[in-house]
Amino acid sequence: MKYNPQELEIKWQAYWEKSCLFKAIEDLSKEKYYLLEMFPYPSGKIHIGHVRNYTIGDVVARFKRMCGKNVLHPMGWDAFGMPAENAAIENNSHPAQWTYDNIEAMKTQLKRMGFSYDWERELATCDPEYYRWEQLIFLEMYQKGLAYKKKTFVNWCDKCQTVLANEQVEDGCCWRHPELEVTIKEMDSWFLKITEYADEILDYCEKLPGWPDRVLTMQRNWIGKSYGAIIRFPMVGSDEVIEVFTTRQDTVFGATFMCLAPEHPLVNQVIKGLPQEGEVLGFVERTLRMDSVTRTADFTAKEGVFTGRYCLNPVTEEEIPILVANFVLFDYGTGAIMAVPTHDQRDFEFAKKYGLQLRVVITPPDEDLNEETMSEAYVDEGVLVNSGPFNGQRNLAALDSIAEYLESLGKGHKTVNFRIRDWGISRQRYWGTPIPIIYCDKCGTVPVPEEDLPVVLPLDLHMRPNGGSPLPFEPAFFETICPKCKGEARRETDTMDTFVESSWYFDRYTCPGYDKGPLDPERVDYWMPVDQYIGGIEHAILHLLYSRFFTKVLRDFGHHKVSEPFTNLLTQGMVCKETEECPEHGFLYPYEVKDGKCILCGAGVITGNIVKMSKSKKNVVDPQELIDRYGADTVRMFCLFASPPDKDLEWNDQGVEGSYRFLNRVWRLVVTHIDKITRVTAYDGRETLSGQLRSLYRKTHETIKKVTDDIENRFHFNTAISAVMELVNEVNQVLNSKEQKDDIAWSVVREAVEATVVLLSPVVPHITEELWQILGHDNSLLKVSWPSYNENALQTEKRLIVLQVNGKVRNRIEVPVSYGTKEIEEEALADAKIQHFIGEKPVKKVIVVQNKLVNVVV
RNA sequence: GCGAGAGUGGCGGAACUGGUAGACGCGCUGGAUUUAGGAUCCAGUGGGAGAUCCCGUAGGGGUUCGAGUCCCCUCUCUCGCACCA
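Residues numbered from 1 in each chain as written. Chains lettered and ligands numbered in written order. Predicted model: local features only at pLDDT ≥ 70, side-chain atom pairs only at ≥ 80, totals over all residues. Heavy atoms only, no water.

Regarding the overall build of chain A
Moving on, step 1. Check the secondary structure of chain A and you find 27 helices and 35 strands.
Moving on, step 2. Considering chain A as a whole, with its 858 residues, one finds that 53% of them fall into the buried category.
Moving on, step 3. Excluding contacts between residues fewer than 6 apart, the proportion of contacts in chain A whose partners are at least 24 apart in sequence is 71%.
Moving on, step 4. For chain A, the computed accessible surface area is about 39,400 Å², with 48% contributed by carbon and sulfur atoms. (Helix = DSSP H or I, 4+ residues; strand = E, 2+ residues; numbered from the N terminus. Buried < 20%, exposed > 50% of the residue type's maximum accessible area, 1.4 Å probe, protein only. Contact = heavy atoms within 4.5 Å. Areas by Shrake-Rupley, 256 points an atom, 1.4 Å probe, with all protein chains shown as cover.)

Put into structure tokens, the structure is as follows:
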């Protein structure tokens, strides 16, 4: 009987589907386990990254089922997004058609992988039955002031007539129109007030022990809570006051000039009628024309221009010049900074460039600073000087008192500032959730009444050939009636950022068909939070942060009771492969390279770095080819065996072959000896064993222990698989030995073989179901309980002790387990090799680590 | 520039709390089987010297009886970024 993966995999997939074994049903009597992998964007085909992600999840889901948990393991589609629009333009089709075709194709592929999803809960975010509830949530947020509109600056391409994301800007130009410079345009956009929840999101980082530290660190840094002060600088010759935010109010006595962001609303007022007006306006215009990528790149020079006006340093009462500078960000702090060139490197460079005044206000403990001679800013701690009443105090210790001093003078106050900005969700795109807002000349901004939801995205229109959304050109969509005054009105034609859909889809999986609201309170509170979330590290910040924000908002709106969506998080590494590049034809697919040469022109191919697999770099492997060749089990196994999930996986075709070979070995192990194995029952531990059999019995139980621990506590599937490989090797050794095998021997073998099959079943579910059946069982492995190990089986009579002299390994000895520290020490010192290395030298110290090692220090 | 990670044989990786560095697999070498190849099985496989040692976890320093693991510095690579005042 030969191992035929294609045939048996399809057979078992059909069996699982028919028996509904993956259907999740709410059952209060059982402990729930909600396992979720990040849902895919329906791009057309699954890629290796998906396969890896979903295999990891499937192993855990199957493992938890076998451990008796009531498992929810759903799958769906993050179906809105720009690639659908681009593909539709390219193929002259419709985004919806493209998306739904892709969903069908990818669903077939996922099913072929044997993933244990409850497909009855499948959802697609482009379905009006999904996004209607998102629109409702948006309206609730609008009502509570969490959704609001404000002006913002965006990258704009005149030809596309659309906003560009930073990644769509290349060398300051539009990616579609490299001849056209991108401009900065002021635009009205919808925002969600994530800043209102910044403090809570930050505090709850402490309550997520199941998240990787690095992700929490990145999130904390992203939120960037900083304590500082607002300081008010009155303008000379006017009543205006310029406010700055600083975390370094200790340096306020050293503030010798003021910088405004080019977008700052005071700029126009400041320069009005002055001779500098023209120059400043020119500078502002030039800066604003730059796209945000170029403007903030480190190679861009820090530039500024004097406005011709001054303001007063509120503590020294000196007049200091006001400049406009390109490095000051409008949307951080107040859009203006006090510059302290002596103690901030950026300010220092800027001051040197423009010949501005410097004043030292902090001195290091061991030297004096001189404004004339210093070559860089002094940014470390020290003692305050030139700082009025604060002279002689340590600068950090004085932070609070200086803030209080400013407050007492009415010139400032303590404050907390966040780095995180509100979430801009307006997109000038077609393929997204319409924002349910109506604009009326009489009534202003009017929310769409709840009973009019959903605002359906019209499907019967054509994409614009140059890109950009067709919605503003579609009167049938935007022409509407004001819900308040019943007059003529216009719909919002922007759609929402697709991150909005992915911020609550995990809630909706718990009650996908529910039609009385976004969430069925009973079901959502049974399943949520997600016990284990698995997905790519690239989502460490945005998606995970937005989901945490939404969860808290929905809790406050009473839609559910949880505060955090994901109890445990596993961030998997990327799948990488080297690139192949032809000097003539750019990146090449693996099949376009033959013998190191480009098949198009014969030029030598340059093998590049090992980087994340991506279509643009063409360093991709199509999982479908591997499935067709080796079957799903081999692909699943290789993805897990190649490296631990949180590390990047470097793709190597040869490794796949190894996994296939191992599955064949397991197959042969069972079928070759099936008659003898099935004649006995599995060993139950009652007969006394010795020698090889005793050792195999122990190995079986060691393996159960190791695999359980690796899957449950560490997600180290690679070492779990290695452990099973070792067990298989040992069974083969026993079978190959010349010793006569009686029934007891075969029963020990049977126990080992059955353990192998059961332990491997979450990883390679198809072959193991087949082998389980061949072994004479008539129940599916899905109904078998996860095995537990027998403590007695692990016992040994001898223990290996490592003997060291001065920390170097010199010998290894076996001692009875009954030996205590004393006896081990005596045995070690008596050892001939150890004696040899001690020689004539006096023994200074002997360190004995119980059951492990002896180190003799001489 | 800032932030976060990583660096172990020819390769992927193992070593979980400081205690035998290189488990397991790939590749390679030799052998068995075979007309041959493939498949399978057995043996070997960090480097050097050679029968008992020396050197080895990017490089340098430190802590320790003992460091791949902890601390400091340097280098290289990857990822993220919004010059974070």
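A short note on the sheet that holds strand 35 (residues 853–857)
Moving on, step 1. An order of 33-32-35-34 is seen for the 4 strands of this open sheet, with the pairing classed as mixed. Edge strands, defined here as strands with exactly one partner in the open sheet, are strand 33 (808–816) and strand 34 (845–849). Along the sheet, successive strands turn relative to each other by an average axial angle of 20°, direction set aside.
Moving on, step 2. Bridging between strand 32 (residues 798–805) and strand 35 involves 4 bridges; their strand directions are parallel. Within the sheet, the bridge partner assigned to Gln-804 lies in strand 35 and is Asn-855.
Moving on, step 3. Those strands touched by helix 26 (residues 821–830) are strand 32, strand 33, strand 34 and strand 35, and its axis lies near 125° from that of strand 34. (Pairing = 2+ DSSP bridges. Axes fitted to C-alpha atoms, helices over the stretch in contact; angles between N-to-C directions.)

Notes on the protein's contact with RNA strand B
Moving on, step 1. The environment of RNA strand B is formed by 59 residues, the closest being Arg-346, Arg-419, Met-725, Arg-812 and Asn-855.
Moving on, step 2. Among all atoms of RNA strand B positioned within 4 Å of the protein, those belonging to sugar or phosphate total 61%.
Moving on, step 3. A distance of 2.9 Å is found between a sugar or linking oxygen of RNA strand B and a side-chain nitrogen or oxygen belonging to Asn-221.
Moving on, step 4. At a separation of 2.5 Å, a base oxygen of RNA strand B approaches a polar side-chain atom of Asn-855. (Near = heavy atom within 4 Å. Polar contact = N/O pair within 3.5 Å; in protein donor to acceptor, adjacent residues only side chain to side chain.)

Quick word on the sheet that holds strand 12 (residues 319–325)
Moving on, step 1. Spatially, 11-12-10-13 is the arrangement adopted by the 4 strands of the open sheet, whose pairing is mixed. Of all strands in the sheet, those with a lone pairing partner are strand 11 (304–312) and strand 13 (336–339), marking the two edges. Taking each pair of neighbouring strands and ignoring which way they run, the sheet shows an average axis angle of 25°.
Moving on, step 2. The sheet contact formed by strand 10 (residues 257–260) and strand 12 spans 3 bridges and is parallel. Directly across from Met-258, in strand 12, lies its bridge partner Ile-322.
Moving on, step 3. Along the sheet, helix 9 (residues 277–289) makes contact with strand 11 and strand 12, crossing strand 11 at roughly 120°.
Moving on, step 4. Sheet strands touched by helix 11 (residues 345–354): strand 10, strand 11, strand 12 and strand 13. Its angle to strand 10, the strand with the most contacts, is close to 105°.

Some thoughts on the nonpolar core
Moving on, step 1. Core analysis: the largest hydrophobic core is formed by 117 residues, its most contacted members being Phe-138, Met-141, Phe-549 and Trp-651.
Moving on, step 2. Looking at this core element by element, the count peaks at 8 residues for helix 5 (residues 128–143).
Moving on, step 3. Listed in part, the 71 residues of the second largest apolar core include Phe-22, Ala-755, Leu-775 and Leu-782. (Core = buried A, V, L, I, M, F, W, Y, C linked by side-chain atoms within 4.5 Å.)

Thoughts on the packing of aromatic side chains
Moving on, step 1. If you walk through the whole model with that rule in mind, you get 37 aromatic pairs.
Moving on, step 2. Their ring planes at 85° and their centres at 6.3 Å tell us that Tyr-54 and Phe-115 sit as a pair that is edge-to-face. You can see Tyr-54 sitting in helix 2 (residues 48–66) and its partner Phe-115 sitting in the loop between helix 4 (95–112) and helix 5, a full 61 residues away along the chain. This pair shows no difference in class: Tyr-54 is buried, exactly as Phe-115 is.
Moving on, step 3. Considering the side-chain rings of Phe-63 and Trp-786, the 4.8 Å spacing of their centres and the 80° angle between planes classify their relative orientation as edge-to-face. Residue Phe-63 is located in helix 2, and its partner Trp-786 is located in the loop between helix 24 (765–774) and helix 25 (791–794); the two are separated by 723 residues in the primary sequence.
Moving on, step 4. Residue classification places Phe-63 among the buried residues on the basis of a relative accessible area of 0%.
Moving on, step 5. Under the relative-accessibility criterion, Trp-786 is labelled buried at 10%. (Phe/Tyr/Trp six-rings, centres within 6.5 Å; stacked < 30°, edge-to-face > 60°.)

It is worth stressing that arrangement in space is one thing and function is another; only the former is reported here.
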